[in-house]
Amino acid sequence: MSTRIPAESYTHLLNTEYWAFINLINRFFPEDFAARSVDEQRQAYHLMLASLAVPYPTNLSSHDQYLSTDRGLIPIRSYQMPAEQARAQLIYFHGGGFVLGGLESHDGICADLCAATGWPLTAVEYRLAPEHLFPAALEDAMAAYQALAEQTNLPLILIGDSAGACLAAHVAHQRRGQAKAPLAQVLIYPVLGSDLSLDSYERYALAPLLSTASMTSYWQSWLGSKQIPPQLAGIPLADADFSGLPTTLVFSAEFDPLVDEARVYCEKIQAAGGKATWYHEQGLTHGYLHARHQLAAAKASFVRIHTALKALVA
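Residues numbered from 1 in each chain as written. Predicted model: local features only at pLDDT ≥ 70, side-chain atom pairs only at ≥ 80, totals over all residues. Heavy atoms only, no water.

**Some points on the pattern of salt bridges**
Pairing is possible between side chains that carry opposite charge, provided their charged atoms lie close to one another.
And step 1. Applying the stated criterion across every chain yields a total of 16 salt bridges.
And step 2. Between Asp112 and Arg292 there is a salt bridge, with its nearest N and O atoms 2.7 Å apart. In this pair, Asp112 sits in helix α4 (residues 107-117) while Arg292 sits in the loop between β8 (276-285) and α10 (296-311), placing the two residues 180 residues apart along the sequence. Arg292 shares its class with Asp112; the two are buried.
And step 3. Glu281 is the partner of Arg304 in a salt bridge, and the nearest nitrogen-oxygen pair spans 2.9 Å. In this pair, Arg304 is assigned in helix α10 and Glu281 in strand β8, connecting sequence segments 23 residues apart.
And step 4. Judged by relative accessible area, which is 37%, Arg304 ranks as partly exposed. (Salt bridge = Lys/Arg side-chain N within 4 Å of Asp/Glu carboxyl O. Helix = DSSP H or I, 4+ residues; strand = E, 2+ residues; numbered from the N terminus. Buried < 20%, exposed > 50% of the residue type's maximum accessible area, 1.4 Å probe, protein only.)

Laid out in C-alpha cells, this is it:
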C-alpha cells in the first residue's frame, strides 16, 4: 500500500496559481459540506460552477429538449457550430459523483468541446442519487445512447468526466459488437470501479477537490448503502471481458484518488488486444476541466483532449 501524502504537502506540490483556484472553489463548500442536505450540496455546486462560467464561443448555439426513450423522457442539450463539416456526433455525460450536476453544471465544457472540434455535441442528463439509486443512471445512459444513435448516421463518440465517464464506459461495454456501437470513448478523470483498496485511494486520500472520503460518500449515496462491493455488475472494471471495446482515450489527473483506475482500465483493454491510450496529466487534480480558462496546465490538457478527439476521425 502506498504512503498517504499529507494534506499540507499539496501546498508545495501545487503552484500558487493552482491554490488560488482551489481556494476559490472551497469558498462555496463549508467544512460540513458532506453533512449538508443534498439540496444544499447541489446549490453550492451550482453556484461554484456558475462563478467559473464564461461566454459561449462565437457562433455556437445550443437548445434544450427531451429525448424520448424506453426509459421515459430524458433531458438533453444539443450544441452546434454553424457551417462546420461534422465528422462525428459527440455524446457527453457529466460528472458530479452520481449525486450532483446536470445540463447546467457542464454547459461550458460541452460548449468549448463543440467549438474546438466543430462537431455536434449532445449532453445527457440522468437521474441522480439518492433519489434514484444504482443502476438508474446506467439505465438512463443506455436509453439515451440508443435514442441518439437512431437519429444520426455519424460516428458516435462517447465522452464523460468523473461519474459521467463511468456511464460512458458502461455504454461502450454494453454496445460493443452491436449495430451503431460507438467509434470511441473518451474518459476524463474517470470513475471506473468500486474497489477502494487500490493504492491511489490511499496515496491521494487527502487530495484537493476530491478526497477518498468524498468518493466513498458518493458511492454510498448511489448505492443507498454503507457497504461498497469491490465488484459491482455494470461498473466497467468489474467486467470479465475487455475485448471488442472501441478505441479508448483516458485522461487522468496526477493528484486524484481515481488515478489507478484509469491505469488499470487501459492495461486491461490493451491486454485484451484493444486500443487504449492513457494520458496521465501531471500536476493536476480531479475536476481540472472546470479550470481550463484559469490554469495553464488545465488548458493544455483540454487542448490535448480535443486534439485527440479530432484525430479519432482524421
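There is more to say after this.
**Some points on the packing of α4 against α10**
And step 1. Running from N to C, α4 and α10 point in directions that differ by 50°, and their axes come no closer than 10 Å. Judged by the inter-axis angle, α4 sits oblique to α10. As for how α4 packs across α10, the hand of that crossing is right-handed. Taking contact as the criterion, the partners of Asp112, Leu113, Ala116 and Thr117 in α4 are, on α10, Phe302, Ile305, His306, Leu309 and Lys310.
And step 2. Taken together, the residues of the contact of α4 with α10 sort by class into five nonpolar, two polar and two charged. (Axes fitted to C-alpha atoms, helices over the stretch in contact; angles between N-to-C directions. Parallel < 35°, antiparallel > 145°, perpendicular 65-115°, else oblique. Left-handed = near helix turned anticlockwise from the far one by under 90°. Contact = heavy atoms within 4.5 Å. Nonpolar A, V, L, I, M, F, W, Y, C, P; charged D, E, K, R; others polar.)

**What about α4?**
Counting along an α-helix, one turn takes 3.6 residues, and residues three or four places apart therefore face a common direction.
And step 1. Most of α4 is tucked away: eight of the 11 residues are buried.
And step 2. Every buried residue of α4 is accounted for by Asp107, Ile109, Cys110, Ala111, Asp112, Leu113, Cys114 and Thr117.
And step 3. Where α4 is buried, its residues contact β2 (72-80), β3 (89-93), β4 (121-124), β5 (156-161) and α10.

**Some points on the pairing of strand β6 (residues 184-188)**
And step 1. Within β6, five of the five residues are buried, which leaves it mostly tucked inside the rest of the structure.
And step 2. A two-sided burial pattern is seen for β6, the buried positions comprising Ala184, Val186 and Ile188 on one face and Gln185 and Leu187 on the other.
And step 3. Relative to β6, β5 is paired through five bridges, and the arrangement is parallel. Across the sheet, Asp161 pairs through a bridge with Ile188, a residue of β6.
And step 4. Each parallel crossover has a hand, and for β5 linked through helix α6 (residues 163-175) to β6 it is right-handed.
And step 5. The pairing of β6 with strand β7 (residues 247-255) spans five bridges and is classified as parallel. Looking at the pairing, Leu187 lines up with Val250 of β7. (Pairing = 2+ DSSP bridges. Right-handed = clockwise from strand over helix to strand, strands pointing away.)

**What about the sheet that holds β8?**
And step 1. Spatial strand order, β1-β2-β4-β3-β5-β6-β7-β8: eight strands in an open sheet with mixed pairing. Bordering the open sheet on either side are β1 (61-69) and β8, each of which pairs with just one other strand. The average angle at which neighbouring strand axes cross in this sheet is 20°, direction not considered.

Without other data, these values stay purely geometric and don't point to any function.
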